[in-house]
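# Descriptive analysis of the structure
Chain by chain, the residues run as shown.
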Amino acid sequence: MVDNPLILVTGAAGSVGAVGHRVVKNLRRRDLRVRALVHREDERADALRSTGAQVVVGDLARAEDVVRALENCDRMYFGMGVSSQYLEAALVTAAAARAQGQLRMFVNMSQMTVSQMDVTSTAESTQQREHWLIEQVLDWSGLPVTHIRPTVFMENPMFSLFCFATIAQDDTIRLPFGTGRTSPVAAGDVADAVAAVLADPAPHVGHVYELTGPVSQDMSAMAQEFGSVLGRPVSYIDTPYDQFVDELRRRGLPDHVVDHLSTMARLHAQNRYDRLTHDVEKITGHPATGVRAYVEDNPELFRPAT
């Protein structure tokens, strides 16, 4: 099994940034065997099969599904989008992995906020508190764990809806971050890091990696950087916090997601996301993706509507 490992990737159909899907593709490019766990059969499952991955359908909150998916696996990646079922799914997965008893690596997708939390923290969202709890459980479990803690994803709805889409619309960024600094990380960089750890687990067991973009800056500076790349002025409008939350609700997002995104915005304004590491390059061998590279890779996101 070690010579030809089978790697389980959960959340493989992808949500924000499609990290799981990117991990599958990266591992298959390395000619590693992959089993991709998806929640339903659809075109995304077909796309995963086209890479040569095995695809199984299951629910991370159902122990029998997770046990079946883990059969004969040597290592696994656990990642799940913002969900009111996250805590149950993570606990079920940890218990199933411990019972399986054969894993050489359990990569856990966490988040940067955890590094600033303890058992009495109350300023964070429900999702963030659950990430903290799951890190504790995995550390107690005896599993060979590596925690991946990204800062905010470049693909997070805060950026896709209130930065990229508004730049395309009227060359503005409309977020309630005040003068808070941030260092968003591209999902592709996070997926590359996860895949590198899964491909060669031994050096990474027990490590915590905190992944950021290449610079931490406030939104006015980020607006200037977008403008420089796009060749047109981009300005930052510090939106009132309540107005931002109302807009999230107007878009029909679930309460759990609204709580998480609004908390992230509040913590940005408190400068909780002013973080900078070089862990992306340390793990992957390539530097983190900055604004220029992200725009060049995704030009369609910033084109004005015709």
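Overview of the structure. Source: prediction; values computed, not measured. (Residues numbered from 1 in each chain as written. Predicted model: local features only at pLDDT ≥ 70, side-chain atom pairs only at ≥ 80, totals over all residues. Heavy atoms only, no water.)

Glancing now at the overall build of the chain. Within the chain, the regular secondary structure consists of twelve helices and eleven strands. For a compact globule of 306 residues, the expected C-alpha radius of gyration is about 19 Å, and the chain comes in at 19 Å, within 12% of that figure. Across its three principal axes, the chain shows a C-alpha extent of roughly 55 × 40 × 35 Å. Burial analysis of the chain (306 residues in total) assigns 55% to the buried set. Once the 29 positive and 38 negative side-chain charges of the chain are each reduced to a mean point, those two points are 3 Å apart. (Helix = DSSP H or I, 4+ residues; strand = E, 2+ residues; numbered from the N terminus. Rg over C-alpha atoms; globule rule 2.2 N^0.38 Å. Buried < 20%, exposed > 50% of the residue type's maximum accessible area, 1.4 Å probe, protein only. Lys, Arg positive; Asp, Glu negative; His and termini not counted. Charge placed at Lys NZ, Arg CZ, Asp CG, Glu CD.)

To continue, consider helix H6 (residues 157-170). Buried within H6 we find Met158, Phe159, Phe162, Cys163, Phe164, Thr166, Ile167 and Ala168. Contacts made by the buried residues of H6 are with strand S7 (172-175), strand S8 (181-182), helix H8 (219-230), helix H9 (241-250), helix H10 (255-269) and helix H12 (291-297). Measuring from the side-chain oxygen of the N-cap residue of H6 to the backbone nitrogen of Met158 gives 2.8 Å; that N-cap residue is Asn156. Once H6 finishes, Asp171 follows within two positions and takes phi at roughly 60 degrees, a positive value. (Contact = heavy atoms within 4.5 Å. Polar contact = N/O pair within 3.5 Å; in protein donor to acceptor, adjacent residues only side chain to side chain.)

Note that Thr289 resides in the loop between helix H11 (279-284) and H12. For Thr289 and Ala168, which are 121 residues apart along the polypeptide, the C-alpha to C-alpha distance reads 20 Å. Discounting chain neighbours no more than four positions away, the residues touching Thr289 are Ala186, Asp189, Pro214 and Tyr294.

What follows concerns a positive patch on the surface. A cluster of like positive charges, contributed by Arg22, Lys25, Arg29 and Arg30, occupies part of the molecular surface. Note that Arg30 resides in the loop between helix H1 (19-29) and strand S2 (33-38). (Patch = residues over 30% accessible without salt bridge, like charges linked within 9 Å, V, L, I, M, F, W, Y side chains within 5 Å. Areas by Shrake-Rupley, 256 points an atom, 1.4 Å probe, with all protein chains shown as cover. Salt bridge = Lys/Arg side-chain N within 4 Å of Asp/Glu carboxyl O.)

Take Thr151: it is sitting in the loop between strand S6 (145-150) and H6. On the accessibility criterion, Thr151 (4% relative accessible area) is buried. For Thr151, the residues in contact, after removing those within four places along its chain, are Met112, Ser183, Pro184, Val185, Leu211, Thr212, Gly213 and Tyr273.

Moving on: the packing of aromatic side chains. Following the criterion strictly, the structure yields eight aromatic pairs and no others. Plain terms: the ring middles of Phe226 and Phe302 are 5.5 Å apart, the flat faces sit at 35 degrees to each other, and that makes the pair tilted. Highlighted residues: Phe226 in helix H8 and Phe302 in the segment after H12, separated in sequence by 76 residues. The burial state of Phe226 is the same as that of Phe302; both residues are buried. An aromatic cluster of three or more residues is present, and its members are Phe164, Phe226, Tyr294 and Phe302. (Phe/Tyr/Trp six-rings, centres within 6.5 Å; stacked < 30°, edge-to-face > 60°.)

The phi dihedral of Asn72 is positive, around 70 degrees, even though this residue is not glycine. If you trace the backbone, Asn72 turns up in the loop between helix H3 (63-70) and strand S4 (75-78).

Counted by the stated rule, this structure contains 18 salt bridges. The partner of Arg75 in a salt bridge is Asp74, with the nearest N and O atoms 2.8 Å apart. Classification of Asp74 by relative accessible area gives buried; the value is 1%. Between Arg250 and Glu247 there is a salt bridge, with the nearest N and O atoms lying 2.7 Å from each other. Taken as a pair, Arg250 and Glu247 lie in helix H9 at a separation of three residues, close to a single helical turn. Beyond isolated ion pairs, a larger network of salt bridges with shared partners links Arg62, Glu64, Asp65 and Arg68.

With that settled, consider the sheet that holds strand S3 (residues 54-57). Each strand in a sheet pairs with its neighbour through backbone hydrogen bonds, running either in the same direction (parallel) or in the opposite one (antiparallel). Read across the sheet, seven strands follow the order S3-S2-S1-S4-S5-S6-S9 without closing on themselves; strand pairing throughout is parallel. Each edge of the open sheet is held by one strand with a lone partner, namely S3 and strand S9 (208-211). For this sheet, the mean inter-axis angle between neighbouring strands, taken without regard to orientation, is 15 degrees. Bridge count for strand S5 (residues 105-109) against S6 is four bridges, and the pairing is parallel. Residue pairing in the sheet places Phe106 in a bridge with Val145 of S6. The sheet strands contacting helix H7 (residues 187-199) are strand S1 (6-9), S4, S5, S6 and S9, and the helix crosses S5 at an angle near 165 degrees. (Pairing = 2+ DSSP bridges. Axes fitted to C-alpha atoms, helices over the stretch in contact; angles between N-to-C directions.)

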